[in-house]
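This is what each chain is made of:
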Amino acid sequence: MKPERIGLAGGAVVLVATAVATVAPWLTLGLIDWGGLFELLIAGTTLLFTATALTWVVLTYVIGAGYESPEPVHGADDIHVRILTVDAESVVQQTVDSLPAEFDDVHVIAEAAIDVDGADVHVVPDGFEADAVRKGRAIEWARQHVAHDREFVLYLDEDSLLESFEGLPDADVVQLRERPRRTGSVLSYLGDVYRMGVQIEQRAFARLSVPLFAWGGGIAVRREVEDGVTWDRETLVEDTAFVWAAAQQLPEFTFELATATCANEAPPSLTEITQQRRRWAAGNVRAAAELPAGYQLLTRVRNYAWALSPVVTLVVVPLAVLGVGVAATGAFAMLSVALGLLTAFWYLRGVLYYGEEQLSWAVAVPLAPVVTLVHSMGTIAGILDPPEEFRVTEKVGDA
C-alpha cells in the first residue's frame, strides 16, 4: 500500500501548495513551479480515472452484457442461515422477522449473549483461536462448531432485511443484491445510491475467473466449498478474501448474482460511511496481495482511482468549464466533461436501481460531485491511514 500512500500524500501537498501559491505567492519563495506540478497532477489524475472508467464500461456493457441471474433452484429448505452481530439485539430481531416463514434453520452468531425470537443464538467463546479476526473469526468458529446438513449457508449482516427471495441459483457462491436504506445523513445515503449505480458492474463477475469483490450483507456459500476454503485468514474484508481464495483454489469455481435483495442500512453519518469505506479500501488492497498479478494491479489501480475521483469532479471539470489551465485544451476539456457526465450517470443509474418510489432523488444530481467525495473520502483514509482492526459500522434499526 506504500506507493498509493505516497502518491495520495504527494497529490494533497501539490493541491495545497498550489492554492497557497495562487493566493499568497510570496510564501512559496518561487523555488518550485507549483502551477506546472498542479497541471501534471490534474492530467495524471484525469487519465487514471479515465482508464478506470473505461474498464468499468467494458466490464458492465461488454463482459457483463446480457447477464441475467440464473433461475433459482435451491429453496429455503436447502439453506442454513447465519446472521452475524456483536450484540445488536433489536437490529438482529428485525432481520430475523424479515425472513420468509419457510426458513426454518436460522442461527445468530454473536459476540455476546442476546435474546432473539425465531433463531438459535450462538456466542463465540473468548478462547477460540484462529488466524481470522473479529467478524471472520466469528464466521470461522460457526463453520467449525454450528453443524448443519443443508446445501448452502446464507450469511446475512445484522441489518440485512430480506426484501425478496425466490431461491438461489446453483453456484459455489451466490451474491445477494442490496438496496441500502436511509437511516440518517442524506449525503451518506446518496453515497450508497451512487455506489449502487457503479455496482451494476457485478453482472460481469460471473464471467470473470476471479470476481472483483463480494459483500457480506447477503452472500450464500455452498457447504462443501466453505469447508474446503475456510474463513481462517486475517483480513478486514472476509467476504471478498474468501471469494478470491475460492476462485483460485477451485478449478471450476462458479459465482452468480441472485434475484434476492437485502435492504441493509446505509451508514447513518458521514463519519460512519468514511470509516466503512476506509475498512473496505484498506482490506481490499491488503487482500489483493494474494491475487494473480493482473488482478492485483487492477484492484490497486481501481482503489487509487476512486480515491482521486473527487479531484476530477470537483477540480478538473470546473476548470474545464471555465477554460482554465490544462483543462482549457479542447480534447482535455471534452474528456473532463465526459467524466463528469459519467459521474452523474452513475448517480442516476443508482436512483433508477431503486425503482419508481425513489425517483424523486434524481433532483439531487447536481450534488453528484459532492457525493463522489462522500463515497471516496473513506478510500483516501483507508490508503493513507489503514485501520488495524475491524470496525463495525453503526446500526440504528427501525424506529
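Located above this text is the structure these notes cover.
Here goes a summary of the coordinates provided. (Residues numbered from 1 in each chain as written. Predicted model: local features only at pLDDT ≥ 70, side-chain atom pairs only at ≥ 80, totals over all residues. Heavy atoms only, no water.)

A short note on the overall build of the protein chain
When helices and strands are tallied, the protein chain shows 11 helices and eight strands. Each of the 399 residues in the protein chain was classed as buried or not, and the buried ones make up 55%. Long-range pairs, those at least 24 residues apart, make up 78% of the contacts in the protein chain between residues at least 6 apart in sequence. Carbon and sulfur atoms make up 59% of the accessible area of the protein chain, which totals about 16800 Å². (Helix = DSSP H or I, 4+ residues; strand = E, 2+ residues; numbered from the N terminus. Buried < 20%, exposed > 50% of the residue type's maximum accessible area, 1.4 Å probe, protein only. Contact = heavy atoms within 4.5 Å. Areas by Shrake-Rupley, 256 points an atom, 1.4 Å probe, with all protein chains shown as cover.)

What about the sheet that holds strand E6 (residues 173–178)?
If you trace the eight strands from one edge of the open sheet to the other, you get E3-E2-E1-E4-E7-E6-E8-E5, paired in mixed fashion. Each of the sheet's edge strands pairs with one partner strand only, and the pair in question is strand E3 (120–123) and strand E5 (161–164). In this sheet, adjacent strand axes meet at a mean angle of 30° when their direction is disregarded. Strand direction decides the pairing type here: strand E4 (residues 152–157) and strand E7 (residues 218–222), joined by five bridges, are antiparallel. Bridge pairing in E7 links Leu 156 to Gly 218. (Pairing = 2+ DSSP bridges. Axes fitted to C-alpha atoms, helices over the stretch in contact; angles between N-to-C directions.)

As for the pattern of salt bridges
With the rule as written, the count across this model stands at 19 salt bridges. For Glu 226, the salt bridge goes to Arg 82, with nearest N and O atoms at 3.8 Å. One end of the pair, Glu 226, is in helix H6 (residues 223–229); the other, Arg 82, is in strand E1 (residues 79–84), with 144 residues separating them in the sequence. Exposure remark for Arg 82: the relative accessible area of 1% places this residue in the buried category. What emerges from the salt-bridge pattern is a single network uniting Glu 151, Asp 170, Asp 172 and Arg 222. (Salt bridge = Lys/Arg side-chain N within 4 Å of Asp/Glu carboxyl O.)

Quick notes on the nonpolar core
Grouped together as the largest cluster of nonpolar side chains are 39 residues, with contacts concentrated most on Ile 109, Phe 242 and Val 243. Contributing elements (two or more residues each) for this core: helix H4 (134–145), E4, E7, H6 and helix H7 (238–249). A total of seven residues in this core trace back to one element, the largest contributor, which is H7. Setting aside residues no more than four positions away along its own chain, Ile 109 makes contact with Arg 82, Ile 83, Leu 84, Thr 85, His 122, Val 124, Ala 138, Trp 141, Ala 142 and Val 146. Formed by 32 residues, the second largest nonpolar core is a distinct cluster that contains Ile 42, Met 196, Tyr 304 and Val 311. (Core = buried A, V, L, I, M, F, W, Y, C linked by side-chain atoms within 4.5 Å.)

Topic: the packing of helix H8 (residues 270–287) against helix H11 (residues 368–384)
Between H8 and H11, the least distance of the axes is 7 Å, while the angle of their chain directions is 50°. Classified by the angle between their axes, H8 and H11 sit oblique to one another. The element H8 and its partner H11 pack so that their crossing is right-handed. Side by side, H8 and H11 meet where Leu 270, Ile 273, Thr 274, Arg 277, Arg 278, Ala 281 and Ala 282 of the first sit next to Val 374, His 375, Met 377, Gly 378, Thr 379, Ala 381 and Gly 382 of the second. Partitioning the contact of H8 with H11 into residue classes produces seven nonpolar, five polar and two charged. (Parallel < 35°, antiparallel > 145°, perpendicular 65-115°, else oblique. Left-handed = near helix turned anticlockwise from the far one by under 90°. Nonpolar A, V, L, I, M, F, W, Y, C, P; charged D, E, K, R; others polar.)

Overview of the pairing of E4
Buried residues dominate E4, accounting for six of its six residues. Alternating residues of E4 divide into Phe 152, Leu 154 and Leu 156 and Val 153, Tyr 155 and Asp 157, and every residue in both groups is buried. Bridge analysis of E1 against E4 gives six bridges, and the strand direction is parallel. Bridge pairing in E4 links Ile 79 to Phe 152.

Regarding the environment of Arg 150
Among the secondary structure elements, Arg 150 is positioned in the loop between H4 and E4. On the accessibility criterion, Arg 150 (15% relative accessible area) is buried. Residues Arg 150 and Asp 77, spaced 73 residues apart in sequence, show a C-alpha to C-alpha distance of 7.5 Å. Here Arg 150 is in contact with Ala 76, Asp 77, Asp 78, Ile 79, His 80, Asp 104, Asp 105 and Arg 223, once residues within four sequence places are set aside. Looking at Arg 150, its side chain comes within polar contact range of the main-chain oxygen of Ala 76, at 3.5 Å. At a separation of 3.3 Å, a polar atom in the side chain of Arg 150 contacts the main-chain carbonyl oxygen of Asp 77. (Polar contact = N/O pair within 3.5 Å; in protein donor to acceptor, adjacent residues only side chain to side chain.)

Geometric descriptors of this kind do not, in isolation, establish any biological role.
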